[in-house]
Amino acid sequence: MPFSTATIAVPHPARYLRLVTARLDQEASMDHAADGRATITFSQGTCVLTPARGLDVIAAAADSAALASLRDTLTRHLRRCAGGEDLEIAWTEAVSGEDMQITDPVVGDYLLRHCTGTDGLLGELTVVTREATGTAAGMQVAADEGAFLTMLTRMADARHAVEVGVFTGYSSICIARGLAAGGRLLACDISDEWTSIARRYWQRAGVADRIDLRIGPAIETLQALPAEPRIDIAFIDADKPGYPAYYEEIVSRLRPGGLVVLDNVFLGGEVLDPAYQEEHHTVMRRLNDQITADERMDSVMLPVRDGITIARKR
Ligand SMILES: C[S@@+](CC[C@H](N)C(=O)[O-])C[C@H]1O[C@@H](n2cnc3c(N)ncnc32)[C@H](O)[C@@H]1O
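## Quick look at the sheet that holds strand β6 (residues 160–164)
Note: strands within a sheet are paired through backbone hydrogen bonds, in either parallel or antiparallel orientation.
No. 1: The strand order across the open sheet formed by seven strands is β8-β7-β6-β9-β10-β12-β11, and the pairing between neighbours is mixed. Both edges of this open sheet fall to β8 (211–215) and β11 (297–302), since each of them pairs with a single strand only. For this sheet, the mean inter-axis angle between neighbouring strands, taken without regard to orientation, is 15 degrees.
No. 2: Strand direction decides the pairing type here: β11 and strand β12 (residues 308–313), joined by six bridges, are antiparallel. What sits directly across from methionine 301, in β12, is threonine 309.
No. 3: Set on the sheet, helix α7 (residues 192–205) makes contact with β7 (184–189) and β8; between it and β8 the angle comes to about 170 degrees.
No. 4: Across the sheet, helix α9 (residues 243–251) is in contact with β6, β9 (231–236), β10 (254–263), β11 and β12; its angle to β10 comes to roughly 160 degrees.

Below you can see the structure in the form of structure tokens.
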């Protein structure tokens, strides 16, 4: 499903949006959010209009022909409401799913330069992982996400932490470093091969004595945990179809105020595009919606790398 965006420079975006929606009220279906955003559904597709510094517009349609027609229709209405044909509306090229750029590479590089840095050991683990695992190395969390995990673990004053998806151990080192004195990390994975690298680096990072590695399907490890709610923080970064079950097992064992952090909630942008309908897409989309509506939790989704959700138990 292709998307295209435009920002329209008008002096009073909210007032202008009211004019546009009043004009379209009869010919399109309209949904107004409490924060002033409007979603307008035409026969060709859907537009979301957000008053910000200008009026931000997103247009989405089933295919590129429908998108072109949708943009023409909206452009016509927007120009009429602005009182003239000369209003500048520059639509971006259409992008869909995997082509969506979540973080501009220049911004991504700037972010990496502005977090508590990767030390030599984590840097070496990144290089070793790339050499040992090839393209699988892309599964490793980036340095800024790792620094964020250490910070969240410290903020949660965590003594009981859980990780689902260890790989070569980068995120486990970050979590283990944030643990309170005497704290422990239960680390779940199915791969002996990848976690043998993790074990080596846990030793060298001086955190091996704080980590209990359990090899086997994570769902079995989680279900075998005591039912009492004592987990302070959990990080889910493993097989995507397993996420809903991991989330449930963890949330029921989180202490009030405890955090669950889920990685890859955008699936490279494909979650945002309903044209993608494989199992991992539908599972992740449904889970993202469920977490938002979960009355046990407060949650926020952030564009950190491939998207993370942080949910805190009430
Ligand atoms: C995305 S990687 C984890 C990356 C890691 N957090 C890091 O920063 O390096 C996913 C890991 O989940 C593991 N995994 C896949 N299915 C699993 C399952 N059913 N139970 C436990 N671990 C699983 C894989 O072996 C892999 O190491």
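## Considerations on the packing of helix α5 (residues 143–155) against helix α6 (residues 170–178)
No. 1: Close contact between α5 and α6 brings their axes to 7 Å; oriented N to C, the two are set at 30 degrees. Compared by their axis directions, α5 and α6 come out roughly parallel. Relative to α6, α5 is oriented so that their crossing is right-handed. In this structure, α5 uses Ala143, Gly146, Leu149, Thr150, Thr153 and Arg154 to contact α6, whose residues at the interface are Tyr170, Ser171, Cys174, Ile175, Arg177 and Gly178.
No. 2: Each residue belonging to the contact of α5 with α6 can be placed in one class, and the counts come to five nonpolar, five polar and two charged.

## So, the side chain of glutamine 44
No. 1: The residue glutamine 44 is located in the loop between β3 (38–41) and β4 (45–51) in this model.
No. 2: Glutamine 44 gets classed as buried once you look at its relative accessible area, which sits at 18%.
No. 3: A distance of 2.9 Å separates a polar atom in the side chain of glutamine 44 from a polar atom in the side chain of serine 69.
No. 4: Discounting chain neighbours no more than four positions away, the residues touching glutamine 44 are Ala61, Ala62, Ala66, Ser69, Leu70 and Thr73.

About the criteria used
- Residues numbered from 1 in each chain as written.
- Predicted model: local features only at pLDDT ≥ 70, side-chain atom pairs only at ≥ 80, totals over all residues.
- Heavy atoms only, no water.
- Pairing = 2+ DSSP bridges.
- Helix = DSSP H or I, 4+ residues; strand = E, 2+ residues; numbered from the N terminus.
- Axes fitted to C-alpha atoms, helices over the stretch in contact; angles between N-to-C directions.
- Contact = heavy atoms within 4.5 Å.
- Parallel < 35°, antiparallel > 145°, perpendicular 65-115°, else oblique.
- Left-handed = near helix turned anticlockwise from the far one by under 90°.
- Nonpolar A, V, L, I, M, F, W, Y, C, P; charged D, E, K, R; others polar.
- Buried < 20%, exposed > 50% of the residue type's maximum accessible area, 1.4 Å probe, protein only.
- Polar contact = N/O pair within 3.5 Å; in protein donor to acceptor, adjacent residues only side chain to side chain.

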